[in-house]
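Architecture at a glance
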Amino acid sequence: MDLEAQLRAFAAFARRRSFSAAARELRISQPAVSKHVADIERRLGVRLVERRARGGELTAAGAFLADYVLRAEALLAQAARGVTEFCRPSTGVLTIAASGVPATYLLPEVAIAFQRAHPGVRVSIVAAPSAQTMDALRAHRAEFGVVGGFAAAPEIEAEPLVEEEIVVVGPPRYGGRRLSRRDAEAATWIVQPQGSAFQEAVEAAWADLGITPARRLELPTLEAVKLAVARGDGVAGFSRLAVDPELRRGSLALLRLRGWNVRRTISIVRPRDGVLTPSAREFLAMLRARWSRASARRRAPRG
């Protein structure tokens, strides 16, 4: 029991980086938190926290232990939430982590259909770049994730969901235009923030075609990029999933660029050998059904 209290106090400090904030979280006194952390340091024979006038910083050993303790807490919390589904079916919380395109264009439709079928389950979609989505899975803050451009990891298994085509779009007045390499280099490319897996795919395509854009404008969101392109401020690489409505309405135009043939796979990712809750299994079945049909339509010959 003492070890459990010590670990809870240490975990609260690791989250808050403050003894007083940890005390408020646990609803105990600040000296009690400090004593619990000191007790576990004595138990382990290593300093975990460098005390400061205000709060403190984790040592290297403290950061190492915190990684395990915080993941263990998250895993236990996830298990506690999940096991209630076996007592009271169609209840609980389902947390899904997803990168930009899946979070915005693939998951919401399925989440709405799932919520209608299971109104007692609260679905939470946490949008984050692919790398942070993978971190959420490793820390057991989400049951599964959906990302584009998955890079293999030994502790994570991936299942292909849908193939994503990345296209070049411009303002409506460019409708049907074919870009030369010189045109592409002279254009202003409106880009998403550095570090996103999607932007890395676009930049890899530039490198493959030997394109070095003369001007780049980085905007913070997909919607901001769309609006800038529609106004005529430049061109952009976009997931076809994200711009299909605008292409149909004519507010954006599809541009042809010789040699541009960029595709990537959007995958379902989850901790290897993890056991999913009934809600997660049902949601995944609906997700596969929705997007496997979409993939089949895209692959069907046109005539």
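Structural data are supplied above this passage.
Remember, predicted model here, so these are calculated numbers, not experimental data. (Residues numbered from 1 in each chain as written. Predicted model: local features only at pLDDT ≥ 70, side-chain atom pairs only at ≥ 80, totals over all residues. Heavy atoms only, no water.)

**Overview of the overall build of the protein chain**
Note the cut-off: Numbering of helices and strands runs from the N terminus; a helix is a DSSP stretch of H or I covering at least four residues, while a strand is a stretch of E covering at least two. Three exposure classes are used, based on accessible area relative to the maximum for each residue type with a 1.4 Å probe and protein chains only: buried under 20%, partly exposed in between, and exposed over 50%. The charge count treats Lys and Arg as positive and Asp and Glu as negative. His and the chain ends do not count. Taken as the charge centre is NZ of Lys, CZ of Arg, CG of Asp or CD of Glu, depending on the residue.
The helix and strand tally for the protein chain stands at 11 helices and 12 strands. Structurally, the protein chain occupies a C-alpha span of about 70 × 45 × 30 Å along its principal axes. Taking all 303 residues of the protein chain together, 45% fall into the buried category. Looking at the protein chain, you have 46 positive and 31 negative side-chain charges, and the mean spots of the two groups are 4 Å apart.

**So, the packing of aromatic side chains**
Put simply, the rule is: Pairing of aromatic rings covers Phe, Tyr and Trp, the last counted by its six-membered ring, and requires centre-to-centre distances within 6.5 Å; plane angles under 30 degrees mean stacked, over 60 mean edge-to-face, and any other angle means tilted. Charge-over-ring contacts are defined here by two conditions on Lys NZ or Arg CZ: a distance within 6 Å of the ring centre and an angle within 35 degrees of the ring normal.
What the rule picks out here adds up to 6 aromatic pairs. Judged by centre distance (5.2 Å) and plane angle (55°), the ring pair of F64 and Y68 falls under tilted. Highlighted residues: F64 and Y68, both in helix α4 (residues 60–87), separated by 4 residues, approximately one helical turn. When its relative accessible area of 55% is taken as the criterion, F64 is described as exposed. Here the aromatic residues F114, F144 and F283 are joined through ring pairs into a cluster of three or more. Lying over the aromatic face of Y174, R177 brings its terminal NZ or CZ to 4.8 Å of the ring centre. Positioned above the aromatic ring of W291, the side-chain terminus of R290 is 4.1 Å from the ring centre.

**With respect to the environment of T188**
Rule in force here: Every residue pair with non-hydrogen atoms within 4.5 Å of one another is taken to be in contact. A 3.5 Å cut-off defines polar contacts: any pair of N or O atoms within that distance qualifies, except that in protein one atom must be a possible hydrogen donor and the other a possible acceptor, and neighbouring residues in sequence count only when both atoms are side-chain atoms.
Position of T188 relative to the elements: it lies in strand β8 (residues 188–191). The sequence separation of T188 and A66 amounts to 122 residues, and the corresponding C-alpha distance is 45 Å. Apart from residues no more than four positions distant in its own chain, T188 is found in contact with R215, L217, D233, G234 and V235. Only 2.9 Å separates the side chain of T188 from the side chain of R215, close enough to count as a polar contact.

**Notes on the packing of helix α2 (residues 19–26) against helix α3 (residues 30–44)**
Which entries qualify depends on this criterion: For every element, the axis is a line fit to its C-alpha atoms; helices are fit only across the contacting stretch, and the angle between N-to-C directions ranges from 0 to 180 degrees. For classification purposes, an angle smaller than 35 degrees is called roughly parallel, one larger than 145 roughly antiparallel, one from 65 to 115 roughly perpendicular, and anything else oblique. Gly is put with the polar residues, along with every residue not named as nonpolar or charged; the nonpolar set is Ala, Val, Leu, Ile, Met, Phe, Trp, Tyr, Cys and Pro, and the charged set is Asp, Glu, Lys and Arg.
Where α2 contacts α3, the axes come no closer than 8 Å and their chain directions differ by 105°. On the basis of the axis angle, α2 is roughly perpendicular to α3. Contacts between α2 and α3 involve F19, S20, A22 and A23 on the former and, on the latter, Q30, V33, S34 and V37. Of the residues contributing to the contact of α2 with α3, the split by class is 5 nonpolar, 3 polar and no charged.

**A look at the nonpolar core**
Here is the rule: Take the buried Ala, Val, Leu, Ile, Met, Phe, Trp, Tyr and Cys residues and link them wherever side-chain atoms come within 4.5 Å; each set so joined is a nonpolar core.
Judged by nonpolar contacts, the single largest core of 25 residues is most densely connected at L106, F144, V146, L161, F283, L287 and W291. Those elements giving two or more residues to this core turn out to be β3 (92–98), α5 (100–117), β4 (121–127), β5 (144–148), β6 (156–170), β12 (262–271) and α11 (278–299). Ranked by residues supplied to this core, first place goes to α5 with 7 residues. In this view, F144 contacts L94, T95, I96, A97, L137, I268, V269, R270, A280, F283 and L284; residues no more than four positions away in its chain are not counted.

Function cannot be read off these values alone, since they describe shape.
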